[in-house]
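# Notes for the structure review
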Amino acid sequence: MHSHTNPDGFRISTDPTELDVAAIHHYLTEDSYWATNMPLETLERAIANSLNFGLFAPDGRQAGFARVITDRATFAWLCDVFVLPEFRGRGLSKWLMEVIWTHPELKDQRRHMLATVDAHGLYQQFGFTPLSAPERFLEKRRVNPYGVPTKN
């Protein structure tokens, strides 16, 4: 497990036992555009099978989260990234990206990917660009996986 603390007392940990899964689930299902009505069991399974980065406030509360789906050798997909509104504007999302992409199991991989509607500027700071050969990529997508209208 890895842990990092910034000068303001915020901490990032990869220990999944530290995560406030209820708080993460609440944000994802109530405030995100991509996980509306995700069942708690689905999130628990996703966390169990991902490399997780919990962002914690100085008082220990969950302040943000990101998870990476990875083989820990060649490929990583970044998803479920957020910083709670009360903690935004402090550079925490940028710090979270720095910690993630310098993680020993991620930093030298062949390909990192993600999808975003509105955070291109953040990710471009870390080398992300539009697909260089989009004609090579295919997807199989369930538009409404949790059975309710989505926010996107």
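Residues numbered from 1 in each chain as written. Predicted model: local features only at pLDDT ≥ 70, side-chain atom pairs only at ≥ 80, totals over all residues. Heavy atoms only, no water.

Per an unreviewed UniProt entry, the protein chain goes by the name GNAT family N-acetyltransferase and belongs to Hymenobacter citatus.

## Looking at helix H3 (residues 92–101)
Counting buried positions along H3 yields seven of ten residues, so the element is predominantly enclosed. Where H3 is concerned, the buried positions are Leu 92, Trp 95, Leu 96, Met 97, Val 99, Ile 100 and Trp 101. (Buried < 20%, exposed > 50% of the residue type's maximum accessible area, 1.4 Å probe, protein only. Helix = DSSP H or I, 4+ residues; strand = E, 2+ residues; numbered from the N terminus.)

## A few points about the packing of aromatic side chains
Enumeration over the complete set of coordinates arrives at six aromatic pairs. Between the aromatic rings of Phe 65 and Phe 82, the centroid separation amounts to 6.2 Å while the plane-to-plane angle is 45°, which identifies the pairing as tilted. Residue Phe 65 is located in strand S4 (residues 62–70), and its partner Phe 82 is located in strand S5 (residues 75–83); the two are separated by 17 residues in the primary sequence. Exposure class is identical for Phe 65 and Phe 82. Each is buried. Aromatic side chains Tyr 123 and Phe 128 sit 6.2 Å apart centroid to centroid with 75° between the ring planes, which places their arrangement in the edge-to-face category. Among the aromatic residues, those joined into a cluster by ring pairs are Tyr 27, Phe 65 and Phe 82. (Phe/Tyr/Trp six-rings, centres within 6.5 Å; stacked < 30°, edge-to-face > 60°.)

## Some words on the pattern of salt bridges
In total, this model carries six salt bridges according to the counting rule given. For Arg 45, the salt bridge goes to Glu 41, with nearest N and O atoms at 2.6 Å. Here Glu 41 and Arg 45 lie together in helix H2 (residues 40–48), a separation of four residues that amounts to about one turn. Across the pair Asp 59 and Arg 61 runs a salt bridge whose closest N-O atoms are separated by 2.8 Å. When its relative accessible area of 40% is taken as the criterion, Arg 61 is described as partly exposed. Members of the salt-bridge network, linked through shared partners, are Asp 59, Arg 61 and Glu 86. (Salt bridge = Lys/Arg side-chain N within 4 Å of Asp/Glu carboxyl O.)

## Describing the pairing of S5
The buried fraction of S5 amounts to seven of the nine residues, a majority that puts the element mostly inside the structure. Alignment of S4 against S5, held across six bridges, turns out to be antiparallel. Each bridged residue has a counterpart across the sheet, and for Ile 69 the counterpart in S5 is Trp 77. Between S4 and S5, which pair antiparallel one after the other, the connecting turn spans four residues, and Arg 72 there sits at a positive phi close to 65°. The pairing of S5 with strand S6 (residues 111–113) spans three bridges and is classified as parallel. Across the sheet, the residue bridging to Trp 77 is Met 113, located in S6. Handedness of the crossover is the feature at issue here: the chain leaves S5, passes through H3, returns alongside S6, and the resulting connection is right-handed. (Pairing = 2+ DSSP bridges. Right-handed = clockwise from strand over helix to strand, strands pointing away.)

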